[in-house]
Amino acid sequence: PKRVIQFCGSERKVYVIMSCCAILGAGRYVAYYTLSIHIMYSSFLFIINALGILNTVITADTGSIASSNELGGLFGALQASESAAGMLGPFLGGVVSYYFGEDGATSAPLMAVLAIYAFLFLFVYWGYEKFVILCIDPKDIVGISTSVDSDLKKTM
């Protein structure tokens, strides 16, 4: 995952996240509807890599948003939400399946998961730069020196 992020750079981070959402949705769809075990496991390779890249980007951006004394609480909230999703996801999938079921060609839980990925794709496209990336202070990113920092150093 780090190589992909380094290759794409921080200016194309939104496109990396959007690509991961698209790969996750397509991989889940293929894994659900295929009859071949080889194709299913191949789609899982793409799903697992996309999840790893997505998790790396979100963790890095979360670490850049908070100050050092807030970082532990923010990572705790992030980990708690991931754990809650792991517990509530199967329950909600069962509820959706029970009430909406399958009507032959479509699966209600699969369509719900694909709708969530589509929502995330659109949120990242329209709001990730506004709500997340603009909150990151360039001084918090290692290796980036702003002109304000260099001006301050010259006056001291």
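The residue numbers shown here count from 1 along each chain, following its written sequence. This being a predicted model, a pLDDT of at least 70 is required before a residue's local features are given, and a value of 80 or more before pairs of side-chain atoms are given or counted; all residues contribute to the totals for chains, interfaces and linings. The side-chain numbers reported here are obtained from all heavy atoms of the structure, hydrogens and water having been left aside.

1. What to know about the overall build of the protein
Threshold: Strands here are runs of E lasting at least two residues and helices are runs of H or I lasting at least four, both read from the DSSP assignment and numbered beginning at the N terminus. Buried means the residue's accessible area, taken with a 1.4 Å probe over protein chains only, is under 20% of the maximum for its type, while exposed means over 50%, and partly exposed covers the values in between. Contact between two residues is taken to exist if any of their heavy atoms lie within 4.5 Å; hydrogens are not considered. For accessible areas, the Shrake-Rupley method is used with a probe of radius 1.4 Å. Any residue's cover is judged against the shown protein chains and nothing else.
Scanning the protein from N- to C-terminus turns up 6 helices and 0 strands. Starting at the N terminus, the α and β elements of the protein follow one another as α-α-α-α-α-α. Scored against the burial criterion, the 156 residues of the protein give a buried share of 23%. Sequence-distant contacts in the protein: of pairs separated by 6 or more residues, those separated by 24 or more amount to 62%. In the structure as shown, the protein presents an accessible area of about 11,000 Å², 68% of it carried by carbon and sulfur atoms.

2. Brief notes about the environment of Met 18
Relative to the assigned elements, Met 18 resides in helix α2 (residues 13-33). The exposure class assigned to Met 18 is buried, which follows from its relative accessible area of 9%. Dropping the residues within four chain positions of it, Met 18 is found in contact with Phe 121, Val 124 and Tyr 125.

3. Quick notes on helix α3 (residues 37-65)
Filter applied, for reference: Residue count minus one, scaled by 1.5 Å, sets the expected span of a helix. In protein, a polar contact means a hydrogen-donor-capable atom and an acceptor-capable atom, both N or O and within 3.5 Å, with residues adjacent in sequence counting only if both atoms are side-chain atoms; elsewhere, any N or O pair within 3.5 Å suffices.
Its 29 residues place the ends of α3 42 Å apart at the C-alpha level, agreeing with the 42 Å of an ideal helix rising 1.5 Å per residue. All of the buried residues in α3 are Ser 43, Ile 47, Ala 50, Ile 53, Leu 54, Val 57, Asp 61, Thr 62 and Ser 64. If you check the start of α3, you find a side-chain oxygen 3.3 Å away from the backbone N of His 38, and it comes from Ser 36.

4. Concerning helix α4 (residues 71-100)
The terminal C-alpha atoms of α4, which comprises 30 residues, lie 41 Å apart, in line with the 44 Å expected from a rise of 1.5 Å per residue. In the stretch just after α4, Gly 101 is the one whose phi turns positive, near 60°.

5. Notes on the packing of α3 against α4
Using the following cut-off: For every element, the axis is a line fit to its C-alpha atoms; helices are fit only across the contacting stretch, and the angle between N-to-C directions ranges from 0 to 180 degrees. Throughout, the term roughly parallel applies to angles under 35 degrees, roughly antiparallel to angles over 145, roughly perpendicular to angles from 65 to 115, and oblique to all others. Two helices that cross are described as forming a left-handed crossing if the nearer one is turned anticlockwise from the farther one by less than a right angle, and a right-handed crossing if clockwise. Charged means Asp, Glu, Lys or Arg here, nonpolar means Ala, Val, Leu, Ile, Met, Phe, Trp, Tyr, Cys or Pro, and polar covers whatever is left, Gly included.
Where α3 meets α4, the axes come as close as 10 Å, and the angle between the chain directions of the two elements is 150°. What the angle tells us is that α3 and α4 run roughly antiparallel. Crossing geometry of α3 relative to α4 is assigned as right-handed. Contacts between α3 and α4 involve Asn 55, Ile 58, Thr 59, Thr 62 and Gly 63 from the former and Leu 71, Leu 74, Phe 75, Leu 78 and Glu 82 from the latter. Here the contact of α3 with α4 is composed, by residue class, of 5 nonpolar, 4 polar and 1 charged.

6. Concerning the packing of aromatic side chains
Test applied: Working definition: a ring pair exists when centres of Phe, Tyr or Trp rings (six-membered ring for Trp) sit within 6.5 Å. Plane angles under 30 degrees give stacked, over 60 give edge-to-face, the rest tilted.
In the structure shown here, the tally under the stated rule is 5 aromatic pairs. A centroid spacing of 5.0 Å and a plane angle of 85° characterise the contact between Tyr 98 and Tyr 99, whose relative ring orientation is edge-to-face. According to the relative accessible area criterion, Tyr 98 is exposed, its value standing at 66%. Classification of Tyr 99 by relative accessible area gives exposed; the value is 60%. Every member of this aromatic cluster is reached through a ring pair, and the members are Tyr 29, Tyr 32 and Tyr 33.

7. Considering the confidence of the model for the protein
Here is the rule: For every residue, the predictor assigns a confidence score, pLDDT, that lies between 0 and 100.
For the protein, per-residue confidence averages 78 on the pLDDT scale, and residues scoring 70 or more make up 74% of the total. Looking across the protein, the model is least confident in helix α6 (residues 147-155), with a mean pLDDT of 43, and most confident in α2, with 90. Contacts for the low-pLDDT stretch residues 141-156, under 50 throughout, to residues beyond four places or in other chains number 5 contacts.

8. Side note on the side chain of Lys 13
Relative to the elements of secondary structure, Lys 13 occurs in helix α2. Those residues within four positions of Lys 13 in sequence are excluded, and the remaining contacts are Val 57, Asp 61 and Tyr 128.

9. Re the nonpolar core
Rule in force here: We define a nonpolar core as any set of buried Ala, Val, Leu, Ile, Met, Phe, Trp, Tyr and Cys residues linked to one another through side-chain atoms lying within 4.5 Å.
Counting residues in hydrophobic clusters, the biggest one holds 14 residues, and the most contacted among them are Ile 17, Cys 20, Leu 24, Val 124 and Tyr 128. Every element with two or more residues in this core is listed here: α2, α3 and α5 (108-131). Counting residues per element, this core draws most heavily on α2, which supplies 6 residues. If near-sequence neighbours (up to four positions away) are discounted, Ile 17 is found in contact with Leu 54, Val 57, Val 124 and Tyr 128.

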